[in-house]
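# Coordinate analysis (summary)
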Amino acid sequence: MKRSLHVVDDSNEPPVRAPSTLTIGGRRVSVADTGDGLSGRRFVDLLIQAGATPVDSPGDAKLDMRIVIRGAPQTPEARLRAEVVEEAADVLLGSARPTFARLFASTCARWVNS
């Protein structure tokens with residue numbers, strides 16, 4: 001009897017979470033996280049508190065800004081994946097920064113009004 005074997009991933013790395021897309025003052029912003037995703041979600045929550053609106057279906061619309069929250073990858077594969085994501089970033093943060101989120105959201109709002 002032949003059976004197919006299941007491939008087991010032993011990397012211990014959490015799955016990569018898709019970037020979150022928000023609109024802030026008419027601009028589309030993507031927030032990605034190269035770690036476990038918690039910092040990215042925390043930063044998105046901070047942006048929402050500062051006035052951003054989540055986009056349910058990002059679609060193919062052009063992004064105005066890509067923000068990446070740097071994580072601490074544990075494996076060489078995760079490090080390579082993080083490097084690729086970081087290279088595409090417009091802004092790279094070491095952690096979710098509440099002050100930066102407030103200032104960034106207010107600056108985006110001023111761009112709309114000017």
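Residues numbered from 1 in each chain as written. Predicted model: local features only at pLDDT ≥ 70, side-chain atom pairs only at ≥ 80, totals over all residues. Heavy atoms only, no water.

A few words now on helix α2 (residues 76–87). Across its 12 residues, α2 extends 17 Å between first and last C-alpha, which sits within 8% of the 16 Å expected from 1.5 Å per residue. Residues A78, A82 and E86 constitute the buried set of α2. In a view along the axis of α2, the buried residues occupy a sector of 70°, so they form one face of it. Looking at α2, the residues exposed on the side facing more than 90 degrees away from the buried face are P76, E77, L80, V84 and E87. (Helix = DSSP H or I, 4+ residues; strand = E, 2+ residues; numbered from the N terminus. Expected span 1.5 Å × (residues − 1). Buried < 20%, exposed > 50% of the residue type's maximum accessible area, 1.4 Å probe, protein only. Arc of directions from axis to C-beta.)

A few words now on the pairing of strand β1 (residues 20–24). Burial analysis of β1 places 4 of its 5 residues in the buried class, which makes it a mostly covered element. Note: β1 against strand β2 (residues 27–33), 5 bridges, orientation antiparallel. Across the sheet, residue L22 finds its bridge partner in β2, namely V29. A loop of 2 residues connects β1 with β2, the two strands running antiparallel in sequence, and G25 in this loop sits at a positive phi of about 55°. As defined by bridge partners, β1 adjoins strand β3 (residues 53–54) across 2 bridges and the pair is classed as antiparallel. (Pairing = 2+ DSSP bridges.)

Before going further, it helps to spend a moment on the packing of aromatic side chains. If you walk through the whole model with that rule in mind, you get 2 aromatic pairs. When the centroid spacing of 6.2 Å and the interplanar angle of 25° are considered together, the rings of F43 and F100 count as stacked. With a gap of 57 residues between them, F43 in helix α1 (residues 38–49) and F100 in helix α3 (residues 98–113) connect regions that are remote in the sequence. Taken together, the aromatic side chains of F43, F100 and F104 make up a single cluster linked through ring pairs. (Phe/Tyr/Trp six-rings, centres within 6.5 Å; stacked < 30°, edge-to-face > 60°.)

Here we come to the sheet that holds strand β5 (residues 91–93). Pairing is mixed in the open sheet, where 5 strands are placed in the order β3-β1-β2-β4-β5. Two strands lie at the open edges of the sheet, namely β3 and β5, each paired on one side alone. Relative to β5, strand β4 (residues 65–69) runs parallel, the two sharing 3 bridges. Bridge pairing in β5 places I67 opposite V91.

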